[in-house]
Amino acid sequence: MASGEEDGSVEEKENNNKKRTKSALATAWLTFYNIAMTAGWLVLAVAMVRFYLQKGTHKGLYRSIARTLKFFQTFALLEVGHCAIGMVRTSVIVTGVQVCSRLFMVWFVTSSIRQVQNAESVLLFLVVWTLTEITRYSYYTFNLLNHLPYFIKWARYNLFIVLYPLGVVGELMTIYGALPFVRKSGMFSMRLPNKYNVSFDYYIFLILVMLSYIPLFPQLFLHMLRQRRRVLHGEVIVEKDD
């Protein structure tokens, strides 16, 4: 019996050591990831300010930062993976919707339709995204290092009240501004007849994307408000599984 108990104790210790090692590796990776993303969005912020100071206008701004923006925004796909494997305790669905909507705006709207790149609405969502991401990734970084300044915590769970709606307005106005160019060019659309026997109208698809903001925005915004109450006021929030 003693030998069996000792074997069980050794096995339990080995399992605990493996769990601690995995946890340490996960924390190290997440710290590196969030530092890199904070730095990336800071680079974008500096580039935007420098461009405006040199040119005195926002026209041409998107084109000048497009490559860096696409890199860091696409890199954010890793966050969906972090949620999927349980590295972070966040809904895969919520994270997936947020990341994919950003990627859609970058790759399939603003970068693909050059006629909208100089619109004020693009400047609006770029500024909002930059402020949001610098705050968000800074919060995650300092939280992982166990040295979270209160002002970063406060900014993370208060600035979104203004920034989130402004970002949505910028995105919707950009998509709306792209509609005439998409309709005229027929880009990304497939007309019948074709060898695949499939029809797709990108113009209609963009309209459906705009309409999808109606149910999605309130849910995501309310999710953030619940997180705000939990983090800043210590309320226990019970959410249904997504």
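Residues numbered from 1 in each chain as written. Predicted model: local features only at pLDDT ≥ 70, side-chain atom pairs only at ≥ 80, totals over all residues. Heavy atoms only, no water.

**Here's the deal with a nonpolar patch on the surface**
Phase 1 of the analysis: On the surface, Trp 107, Phe 108, Phe 188, Met 190, Tyr 196, Val 198, Phe 200 and Phe 205 cluster together into a nonpolar patch covering about 740 Å² of accessible area.
Phase 2 of the analysis: By the secondary structure assignment, Trp 107 is in helix 4 (residues 92-110). (Patch = residues over 30% accessible without salt bridge, like charges linked within 9 Å, V, L, I, M, F, W, Y side chains within 5 Å. Areas by Shrake-Rupley, 256 points an atom, 1.4 Å probe, with all protein chains shown as cover. Salt bridge = Lys/Arg side-chain N within 4 Å of Asp/Glu carboxyl O. Helix = DSSP H or I, 4+ residues; strand = E, 2+ residues; numbered from the N terminus.)

**Let's talk about the pattern of salt bridges**
Phase 1 of the analysis: One pass over the structure, following the stated rule, counts four salt bridges.
Phase 2 of the analysis: Salt-bridge contacts for Glu 79 lead to Arg 136; the nearest nitrogen and oxygen are separated by 3.3 Å. Note that Glu 79 is positioned in helix 3 (residues 78-84) and Arg 136 in helix 5 (residues 120-144), a separation of 57 residues in sequence. You'll find Glu 79 and Arg 136 in the same group, each marked buried. (Buried < 20%, exposed > 50% of the residue type's maximum accessible area, 1.4 Å probe, protein only.)

**Topic: the nonpolar core**
Phase 1 of the analysis: With 40 residues, the main nonpolar core has Trp 41, Leu 69, Val 109, Leu 126 and Leu 206 as its most contacted residues.
Phase 2 of the analysis: Elements represented by at least two residues in this core include exactly helix 1 (2-55), helix 2 (61-75), helix 4, helix 5, helix 7 (160-185) and helix 8 (202-233).
Phase 3 of the analysis: In terms of residue count, the dominant contributor to this core is helix 1 (seven residues).
Phase 4 of the analysis: Look past the residues within four positions of Leu 206 in its chain and what remains in contact with it is Phe 104, Val 109, Ile 175, Leu 179 and Val 182.
Phase 5 of the analysis: Core analysis: the second largest hydrophobic core is formed by seven residues, Tyr 139, Tyr 157, Phe 221 and Val 231 among them. (Core = buried A, V, L, I, M, F, W, Y, C linked by side-chain atoms within 4.5 Å. Contact = heavy atoms within 4.5 Å.)

**A few points about the environment of Ile 161**
Phase 1 of the analysis: Assignment of secondary structure puts Ile 161 in helix 7.
Phase 2 of the analysis: Take Ile 161: its relative accessible area is 34%, and that puts it in the partly exposed class.
Phase 3 of the analysis: Separated by 63 residues in the primary sequence, Ile 161 and Met 224 place their C-alpha atoms 8.8 Å from one another.
Phase 4 of the analysis: Beyond its immediate stretch of four places on either side in the chain, Ile 161 contacts Phe 221 and Arg 228.

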